[in-house]
Amino acid sequence: MPGEYFETHGYSNYSFSRTRTHVPTRVGEAFKAMCKFNLIVHEIIWAYFGKSDTVPAARATIGFAEQIYQRIFDWAASLPLELARGRRNRHSSLMLHLCYHCTVMELFWPFLQQSSGKVVKVNQLTTTTAATKDIHEASVNQLKRLALIYCINFNMACTTTLWHIALLYLANAMLCETMRSGNLRDPECWFYFMLCMTCYQNMYGSFQVVEVTMLGLLSMALRNGFLSFPEANTVLSDMKRIGQRYDGQFTVRASFMVDLELAMTNPREAQVQTLANAFHELAIFREFTTGELRKRRQQPPTLSTQDTPS
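Nothing here was measured: the structure is a model prediction, and the numbers come from that model. (Residues numbered from 1 in each chain as written. Predicted model: local features only at pLDDT ≥ 70, side-chain atom pairs only at ≥ 80, totals over all residues. Heavy atoms only, no water.)

Section: the environment of Val27
Right, on to step 1. Considering the arrangement of structural elements, one finds Val27 in helix H2 (residues 25-49).
Right, on to step 2. Other than its neighbours up to four places away in sequence, Val27 contacts Arg90 and Ser92. (Helix = DSSP H or I, 4+ residues; strand = E, 2+ residues; numbered from the N terminus. Contact = heavy atoms within 4.5 Å.)

This is the structure:
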């Protein structure tokens, strides 16, 4: 493990010279903590998406989630005080917290569709048990605040894709929340989804892969009825205006999953390229159906011959 060679090889009293590196102490501690955390993340990814014909929703068990969540708690409890969340967190510290909450959401996402009421036992919790949906929701709420802090305090929000994972998970959570509640115009969900779209637009000037990511998310929003075609087209037009400098003959293709809910039951259909390709079909369908509804509403009511007064 980086930074722990001497501790793990019998030199527990070795004092590492800080004068030999230009890396700040907090950055070094965050890097070591992230390396440890990635070992836990790898276990989740392998358990849910490793080589098998079984979909993640069928693989996930409460026992596995309970065990991993306990390890995440133990990892968090071992963090040094300088990595605690605060008003003046360094970029490395904030990234650590973003990844933490995204991982907790990923761990419990398979249980949201059918078994959201199942409880997980965690020793460090005051009540010792918590419902999977409550744990997931708590991390969503934390991610909302962290995303706002990141885009307000760090200029590199436009020039790095490191925090792209937070935007992807937050946008997915907002779409899923509106679908479950039935309130497709929830103002809070609308705000945070459009915040993610705006941040992606800002990143598009540096990373062309953002285009296919936004198309995938817009495709999901159209499919769910969260956005109308004119609204989605406005977001897309703003993005293309930013990316005019890119060569139109070159298109980015990607295979990572963008629909995190669908990924639990059909990982292939949840891939970003599949959803991006479906955007224009969905847009045409939405425009046709909503256009027909507008025409019917605008037509004056007609009287039948039976309704005509004699």
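Quick look at the nonpolar core
Right, on to step 1. If you look at the biggest cluster of nonpolar residues, it comprises 90 residues, and the most contacted ones within it are Leu107, Phe108, Trp163, Phe193 and Tyr200.
Right, on to step 2. Among the elements that take part in this core, helix H5 (residues 91-108) stands out by supplying 11 residues, more than any other.
Right, on to step 3. Among all residues touching Tyr200, those that are not within four sequence positions of it are His164, Leu167, Leu168, Val210, Thr213, Met214 and Leu217. (Core = buried A, V, L, I, M, F, W, Y, C linked by side-chain atoms within 4.5 Å. Buried < 20%, exposed > 50% of the residue type's maximum accessible area, 1.4 Å probe, protein only.)

Looking at helix H9 (residues 210-224)
Right, on to step 1. Taking 1.5 Å per residue, 15 residues should reach 21 Å; H9 reaches 21 Å between its end C-alpha atoms and fits that length.
Right, on to step 2. Among the 15 residues in H9, 13 count as buried, and that is most of the element.
Right, on to step 3. Trailing H9 by a residue or two, Gly225 shows a phi angle of about 80°, which is positive. (Expected span 1.5 Å × (residues − 1).)

Some details on the pattern of salt bridges
Right, on to step 1. Inspection of every chain in the model, using the stated rule, returns seven salt bridges.
Right, on to step 2. A salt bridge links Glu29 to Lys32; its shortest N-O distance comes to 4.0 Å. Of this pair, Glu29 and Lys32 both sit in helix H2, three residues apart, roughly one helical turn.
Right, on to step 3. Among the salt bridges present, the one from Arg241 reaches Asp238, with a minimum N-O distance of 2.4 Å. With Arg241 and Asp238 both in helix H10 (residues 229-242), this residue pair falls three residues apart, about one helical turn. (Salt bridge = Lys/Arg side-chain N within 4 Å of Asp/Glu carboxyl O.)

With respect to the state of the cysteines
Right, on to step 1. Counted under the stated rule, the structure contains zero disulfides.
Right, on to step 2. For Cys196, which is in no disulfide, the shortest distance to another cysteine sulfur is to Cys199 and amounts to 6.7 Å.
Right, on to step 3. On the basis of relative accessibility, which here comes to 0%, the residue Cys196 falls in the buried class. (Disulfide = S-S within 2.5 Å.)

Here we look at the environment of Gly63
Right, on to step 1. Among the structural elements, Gly63 can be located in helix H4 (residues 62-77).
Right, on to step 2. The exposure class of Gly63 is partly exposed, given its relative accessible area of 48%.
Right, on to step 3. The sequence separation of Gly63 and Val120 amounts to 57 residues, and the corresponding C-alpha distance is 8.2 Å.

A few points about the confidence of the model for the protein
Right, on to step 1. Of all residues in the protein, 79% attain a pLDDT of 70 or more, and the chain-wide mean is 81.
Right, on to step 2. When mean pLDDT is taken per element in the protein, helix H7 (residues 164-181) scores highest with 94 and helix H1 (residues 5-8) scores lowest with 52.
Right, on to step 3. Taken together, the stretch residues 19-23 has pLDDT below 50 and engages in three contacts with residues farther than four places along the chain or on a different chain. (pLDDT = per-residue confidence, 0-100.)

Side note on the packing of aromatic side chains
Right, on to step 1. Scanning the entire structure with this criterion turns up 14 aromatic pairs.
Right, on to step 2. Pairing Tyr48 with Phe49 gives two aromatic rings, centres 6.5 Å apart and planes at 75°, and the pair type is edge-to-face.
Right, on to step 3. By relative accessible area, Tyr48 is classed as buried at 1%.
Right, on to step 4. What makes Phe49 partly exposed here is its relative accessible area of 27%.
Right, on to step 5. With a centroid separation of 5.0 Å and 80° between ring planes, the pair formed by Phe191 and Tyr192 is classed as edge-to-face. (Phe/Tyr/Trp six-rings, centres within 6.5 Å; stacked < 30°, edge-to-face > 60°.)

Brief notes about H4
Right, on to step 1. With 16 residues, H4 extends 22 Å between its outermost C-alpha atoms, agreeing within 8% with the 22 Å of an ideal straight helix rising 1.5 Å per residue.
Right, on to step 2. Along H4, the positions that sit buried rather than exposed are Ile62, Phe64, Ala65, Ile68, Tyr69, Gln70, Ile72, Phe73 and Trp75.

So, the packing of H7 against H9
Right, on to step 1. The N-to-C vectors of H7 and H9 enclose an angle of 5°; their axes lie 10 Å apart at closest approach. Considered as vectors, H7 and H9 are oriented roughly parallel to each other. Of H9, the residues touching H7 (which contributes His164, Leu168, Ala171, Asn172, Leu175 and Met179) are Thr213, Leu217, Met220, Ala221 and Asn224.
Right, on to step 2. Classifying every residue of the contact of H7 with H9 by side-chain character gives seven nonpolar, four polar and no charged. (Axes fitted to C-alpha atoms, helices over the stretch in contact; angles between N-to-C directions. Parallel < 35°, antiparallel > 145°, perpendicular 65-115°, else oblique. Nonpolar A, V, L, I, M, F, W, Y, C, P; charged D, E, K, R; others polar.)

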